[in-house]
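Residues per chain, in single letters:
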Amino acid sequence: AIVLSGDQELRREFRDHLPADAVIADLEWNPAMGPRELALAVQAAAEAARGHVQARAIARALEGSAPVQDWQTAAAAAREGRLHEVWLNPAAALHVYLCNQCGTVAEGPEPCTNCSAPPYDRLPAPELLVRGANETGAQIHFASGEAVELLDKGTGLVGRWRY
């Protein structure tokens, strides 16, 4: 993210020279800030800007045709190379496990209800999703800021199909 600090008129003038898709945050200049305070303010501004841009991208994906919004479908699509892009909050599904054999959602210490695979043969859904997406070249985005809030209104992920 690019953090513009200084006079409002100068920031506006400089903004015109930046790419349209740049993640930009504004920070009002305050000479009374010490180095640590300034660094924390810059970090907070950058994180807020990044979260805002991610939230816009997630909203576009949700408005598209048939977004992927459940962990089981997203993990299978990622593994098969049908997932183009995914925004996720891995913490939203740490309790959700997918059977490594058949892909069924499984919870608790019992064998898979679909294929009877032992409980040690399952992984957290976020891990399977990230592994599959990484192997097939899907874009993986870990949400931050307001994007996390948007994802947490649903299942904790939003994905777009490759085709």
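The preceding data block contains the structure.
Calculation notes
- Residues numbered from 1 in each chain as written.
- Predicted model: local features only at pLDDT ≥ 70, side-chain atom pairs only at ≥ 80, totals over all residues.
- Heavy atoms only, no water.
- Pairing = 2+ DSSP bridges.
- Helix = DSSP H or I, 4+ residues; strand = E, 2+ residues; numbered from the N terminus.
- Contact = heavy atoms within 4.5 Å.
- Axes fitted to C-alpha atoms, helices over the stretch in contact; angles between N-to-C directions.
- Salt bridge = Lys/Arg side-chain N within 4 Å of Asp/Glu carboxyl O.
- Buried < 20%, exposed > 50% of the residue type's maximum accessible area, 1.4 Å probe, protein only.
- Core = buried A, V, L, I, M, F, W, Y, C linked by side-chain atoms within 4.5 Å.

Visitor: Go over the sheet that holds strand E5 (residues 105-106), please, and point to the residues and values.
Guide: Read from one edge to the other, the open sheet built from three strands follows the order E5-E4-E6, with strand pairing classed as antiparallel. At either margin of the open sheet sits one strand with a lone partner, and together these are E5 and strand E6 (122-124). Sheet topology places strand E4 (residues 97-99) next to E5; two bridges connect them, and they run antiparallel. Directly across from Leu98, in E5, lies its bridge partner Val105. Along the sheet, helix H4 (residues 125-136) makes contact with E4 and E6, crossing E6 at roughly 90°.

Visitor: Help me get a handle on the pattern of salt bridges, residues and values and all.
Guide: On inspection of all chains with the given rule, the structure shows six salt bridges. With its nearest N and O atoms 2.3 Å apart, the salt bridge here joins Asp26 to Arg15. Within this pair, whereas Asp26 is found in strand E2 (residues 24-28), its partner Arg15 is found in helix H1 (residues 8-15), the two being separated by 11 residues in sequence. With a closest N to O distance of 2.7 Å, Glu80 and Arg82 form a salt bridge. Residue Glu80 is classed as exposed on the basis of its relative accessible area, which comes to 51%.

Visitor: Requested: an account of unusual backbone geometry, with residues and values cited.
Guide: Unusually for a residue other than glycine, Ala66 sits at a positive phi of about 50°. Note that Ala66 resides in the loop between helix H2 (35-63) and helix H3 (71-80). For Ser116, which is not glycine, the phi dihedral falls at a positive 65°. Here Ser116 is to be found in the loop between E5 and E6.

Visitor: Break down the nonpolar core for me, with residues and values.
Guide: Side chains of nonpolar character tend, in soluble globular proteins, to be buried together. In this structure, Trp71, Leu83, Val86, Leu88, Leu129 and Leu157 are the most contacted members of the largest nonpolar core, which totals 19 residues. Within the residue set of this core, elements represented by two or more residues are H3, strand E3 (83-88) and H4. Top element by residues in this core is H3. It accounts for five residues. Beyond its immediate chain neighbours, meaning those up to four positions away, Leu83 contacts Val68, Ala74, Ala77, Ala78, Leu129, Ala138, Gly159, Arg160 and Arg162.

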